Amino acid sequence: MSRILVVEDESAIAELIAINLRHAGHEVTIAETADEAQFAIAKALPELVLLDWMLPGQSGLALAKRWRADPRTRTLPIIMLTARADEADRVTGLDAGADDYLSKPFSTNELMARIRALLRRKAPEALDDAVEIAGLQLDPATRRVSFEGREVKVGPTEFRLLRFLMTHPERVHSRAQLLDRVWGDHVFIEERTVDVHVKRLREALAPVQCAAMIETSRGVGYRMTAHVQANSRTA
Ligand code: CA
């Protein structure tokens with residue numbers, strides 16, 4: 001399940017895409033103009049955007065360029081949708097910052113396959129793939145966390161947080177980034193919320209001596225590491 005923003009001014013097409021995506025378990029927001037899309041992005045960062053090239057007013061192409069220039073949306077996965085099938089247009093779309101390009105009409109299967117491929121490349125936390133770090137295992141399909149066969153009980157928010165940290169290990173994520181990527185909301189939720197859930201997650205991981213895998217980077221944020229100092233393993 002991932003959060004997908006569909007930017008498409010033809011409502012019949014947007015609805016059809018949304019129905020298919022929701023059927024596949026995704027959470028869909030529709031924007032019919034560039035302004036609506038910008039508003040949606042400012043409110044909550046999606047995990048992937050389907051972006052129509054031809055929009056009234058500002059084009060999808062201009063929107064893609066704008067998002068690529070903003071640090072917050074620089075790595076946002078974007079699939080450009082277009083009626084144009086020319087090779088030159090394809091190149092222009094990719095140059096503007098689209099990760100992939102799909103010409104209308106396209107089949108639902110094709111769209112789903114492209115979405116999956118792009119998420120795997122850029123937002124693996126949105127897929128149902130199991131992940132393992134230094135013996136700690138997390139399986140989204142069964143919603144189970146375990147360490148060397150011992151089950152770890154975590155709440156739903158801690159599960160999503162752990163999943164994000166495990167799919168993006170060894171990197172420090174700021175509280176704002178975690179709110180964006182885990183909660184999908186960086187505006188209406190306080191950054192302190194992140195600290196509360198990190199604390200709960202560490203408590204959940206403590207019985208299997210994995211709490212120290214979640215490091216605090218003072219003044220910056222948090223990161224998941226497989227390389228825990230021997231003396232802090234039980235911390
Ligand atoms: Ca259009």
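Residues numbered from 1 in each chain as written. Predicted model: local features only at pLDDT ≥ 70, side-chain atom pairs only at ≥ 80, totals over all residues. Heavy atoms only, no water.

Chemist: Requested: an account of the coordination of the calcium ion, with residues and values cited.
Modeler: In a perfect tetrahedron of four donors around a metal, the angles come out at 109.5 degrees. In a perfect octahedron of six, they are 90 or 180 degrees. The protein atoms donating to the calcium ion are Asp-9 (OD), Glu-10 (OE), Asp-52 (OD) and Met-54 (O), with metal-donor distances spanning 2.1 to 3.1 Å. Coordination of the calcium ion draws on donor residues from a single chain, spaced D-E-x41-D-x1-M in sequence. The class of Asp-52 is buried, set by a relative accessible area of 2%. (Donors = N, O, S within 2.8 Å, 3.2 Å for Na, K, Ca; no water. Buried < 20%, exposed > 50% of the residue type's maximum accessible area, 1.4 Å probe, protein only.)

Chemist: Any details on a negative patch on the surface? Residues and values, ideally.
Modeler: A cluster of acidic residues, Glu-15, Glu-32, Asp-35 and Glu-36, forms a negative patch on the protein surface. By the secondary structure assignment, Glu-15 is in helix 1 (residues 11-23). On the accessibility criterion, Glu-15 (39% relative accessible area) is partly exposed. (Patch = residues over 30% accessible without salt bridge, like charges linked within 9 Å, V, L, I, M, F, W, Y side chains within 5 Å. Areas by Shrake-Rupley, 256 points an atom, 1.4 Å probe, with all protein chains shown as cover. Salt bridge = Lys/Arg side-chain N within 4 Å of Asp/Glu carboxyl O. Lys, Arg positive; Asp, Glu negative; His and termini not counted. Charge placed at Lys NZ, Arg CZ, Asp CG, Glu CD. Helix = DSSP H or I, 4+ residues; strand = E, 2+ residues; numbered from the N terminus.)

Chemist: Before we move on, can you summarise the nonpolar core with the specific residues and values?
Modeler: Ranked by size, the top nonpolar core spans 31 residues in total, and within it Leu-136, Leu-161, Leu-162, Met-166, Leu-178, Leu-205 and Met-224 carry the most contacts. When residues of this core are traced back to their parent elements, those giving at least two are strand 6 (131-133), strand 7 (136-139), strand 8 (144-147), helix 6 (156-167), helix 7 (175-183), helix 8 (192-205) and strand 12 (221-224). If you tally residues by element for this core, the top one is helix 6, at 6 residues. If near-sequence neighbours (up to four positions away) are discounted, Leu-136 is found in contact with Val-131, Val-145, Ser-146, Phe-147, Leu-162, Met-166, Leu-205, Cys-210, Met-213 and Met-224. Ranked by size, the runner-up nonpolar core spans 22 residues in total, among them Leu-5, Leu-45, Leu-55 and Ala-96. (Core = buried A, V, L, I, M, F, W, Y, C linked by side-chain atoms within 4.5 Å. Contact = heavy atoms within 4.5 Å.)

Chemist: Kindly report on the sheet that holds strand 8, identifying the contributing residues and their values.
Modeler: Two modes of strand pairing occur in sheets, parallel and antiparallel, and in both the strands are linked by backbone hydrogen bonds. The strand order 6-7-8-9 describes an open sheet built from 4 strands, whose pairing is antiparallel. If you trace the sheet from one side to the other, it starts and ends with strand 6 and strand 9 (150-152), each paired once. On average, each strand axis in the sheet is tilted by 25° relative to the strand beside it, whichever way the strands run. Of the pairings in the sheet, the one linking strand 6 to strand 7 comprises 3 bridges and is antiparallel in character. If you follow Glu-132 over to strand 7, its bridge partner there is Gln-137. Sitting on the sheet, helix 6 is in contact with strand 6, strand 7 and strand 8, with an inclination near 115° to strand 7. (Pairing = 2+ DSSP bridges. Axes fitted to C-alpha atoms, helices over the stretch in contact; angles between N-to-C directions.)

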